[in-house]
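Residue-level listing of the chains:
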Amino acid sequence: MAAASPRAIAGLVLLVAAVAGGSTLWQRWGERSLAQRLAAVAAPGDIRLISSDTCVFCLQASRWLTAHGVPFEECFIERDARCEAEYQARGAPGTPVVLVRGQPQRGFSAERVARALGG
């Protein structure tokens, strides 16, 4: 088998870089579109996070919602006795528990929340 020429290798590297860059742009566009959809259908009080101070997924969800201007409420089970009682009553295996118009979802998925809100 003949060795690939430096020109062919450079072309292949450029192709891979272009595909990777295009994929990243496509992903960002999709996330921005989802965020706009979610922000358009979410009203104050529709989304509530039951969080924990030590939960990295809770922090990610909170940051994502805040960064995209989606209204939500958040309570922490370590800081709020009513929040902890609600968490315990739901028998949740972990946090975050995302309540969408009172209906629980385990974990945070912006797509799942948007669907639950009709967006």
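Calculation criteria
- Residues numbered from 1 in each chain as written.
- Predicted model: local features only at pLDDT ≥ 70, side-chain atom pairs only at ≥ 80, totals over all residues.
- Heavy atoms only, no water.
- pLDDT = per-residue confidence, 0-100.
- Helix = DSSP H or I, 4+ residues; strand = E, 2+ residues; numbered from the N terminus.
- Contact = heavy atoms within 4.5 Å.
- Phe/Tyr/Trp six-rings, centres within 6.5 Å; stacked < 30°, edge-to-face > 60°.
- Buried < 20%, exposed > 50% of the residue type's maximum accessible area, 1.4 Å probe, protein only.
- Lys NZ or Arg CZ within 6 Å of the ring centre and 35° of its normal.
- Pairing = 2+ DSSP bridges.
- Axes fitted to C-alpha atoms, helices over the stretch in contact; angles between N-to-C directions.
- Core = buried A, V, L, I, M, F, W, Y, C linked by side-chain atoms within 4.5 Å.

S.K.: Can you walk me through the confidence of the model for the chain in this structure?
M.R.: Regions with low pLDDT should not have their predicted coordinates read in detail. Averaged over every residue, the pLDDT of the chain is 84; residues scoring 70 or more account for 79%. When mean pLDDT is taken per element in the chain, strand β2 (residues 73-76) scores highest with 98 and helix α1 (residues 6-41) scores lowest with 65. This stretch, residues 21-27, has a pLDDT under 50; its non-local contacts, to residues over four places away or in other chains, come to zero contacts.

S.K.: I'm lost on the packing of aromatic side chains in this one. Help?
M.R.: Between two aromatic rings, the relevant description is the distance of the centres plus the angle of the planes. On inspection of all chains with the given rule, the structure shows one aromatic pair. Measuring from centroid to centroid gives 5.8 Å for Trp64 and Phe108, while their planes differ by 55°, and the two rings are tilted. In this pair, Trp64 sits in helix α2 (residues 56-67) while Phe108 sits in the loop between β4 (103-106) and α4 (110-116), placing the two residues 44 residues apart along the sequence. Look at Trp64 and you get buried, because its relative accessible area is 15%. Of note, Arg79 hangs over the ring of Phe76, and the distance from its end group to the ring centre comes to 4.0 Å.

S.K.: I would appreciate a short explanation of the sheet that holds β2 in the present structure.
M.R.: Pairing between the strands of a sheet comes from backbone hydrogen bonds, and it takes one of two forms, parallel or antiparallel. Spatially, β2-β1-β3-β4 is the arrangement adopted by the four strands of the open sheet, whose pairing is mixed. Only two strands of the sheet have a single neighbouring strand rather than two, namely β2 and β4. Across this sheet, the average inter-strand angle for adjacent strands is 25°, counted without regard to direction. Looking at chain direction, strand β1 (residues 47-51) and β2 are connected through four bridges and run parallel. The residue bridging Arg48 from the neighbouring strand is Glu73, located in β2. Where α2 meets the sheet, its contacts fall on β1 and β2, and the angle it forms with β1 comes to roughly 155°.

S.K.: Sorry, what's going on with the environment of Val97 here?
M.R.: Looking at the secondary structure, you find Val97 in strand β3 (residues 97-100). The exposure class assigned to Val97 is buried, which follows from its relative accessible area of 4%. Residues Val97 and Phe108, 11 residues apart in the sequence, show an inter-C-alpha distance of 7.7 Å. The residues contacting Val97, other than those within four sequence positions of it, are Arg48, Leu49, Ile50, Tyr87, Arg90, Ala92, Pro104 and Gln105.

S.K.: Explain the pairing of β3 to me, please; I cannot follow it from the model alone.
M.R.: Regular strands show a simple pattern: their side chains alternate between the two faces of the sheet. Where burial is concerned, the two faces of β3 agree: the one with Val97 and Leu99 and the one with Val98 and Val100 are both buried. Inspection of the sheet shows β3 paired to β4 by four bridges, in the antiparallel sense. The residue of β4 that forms the bridge with Val97 is Arg106. Linking β3 back to β4 in an antiparallel pair, the connection comprises two residues, with Arg101 at a positive phi of about 50°.

S.K.: Looking at this model, I keep getting lost on the nonpolar core. Mind explaining?
M.R.: For soluble globular proteins, nonpolar side chains are generally found buried alongside one another. In terms of nonpolar packing, the biggest core is built from 16 residues, with Leu38, Ile47, Trp64, Leu65, Val70, Val113 and Leu117 touching the most fellow members. Of all hydrophobic cores here, the second largest spans eight residues; its members include Ile50, Cys75, Cys83 and Val97.

S.K.: What is the right way to look at the environment of Ser62 in this model?
M.R.: With respect to the helices, strands and loops of the structure, Ser62 is situated in helix α2. Considering only alpha carbons, one finds Ser62 and Ser51, 11 residues apart in sequence, at a separation of 9.1 Å.

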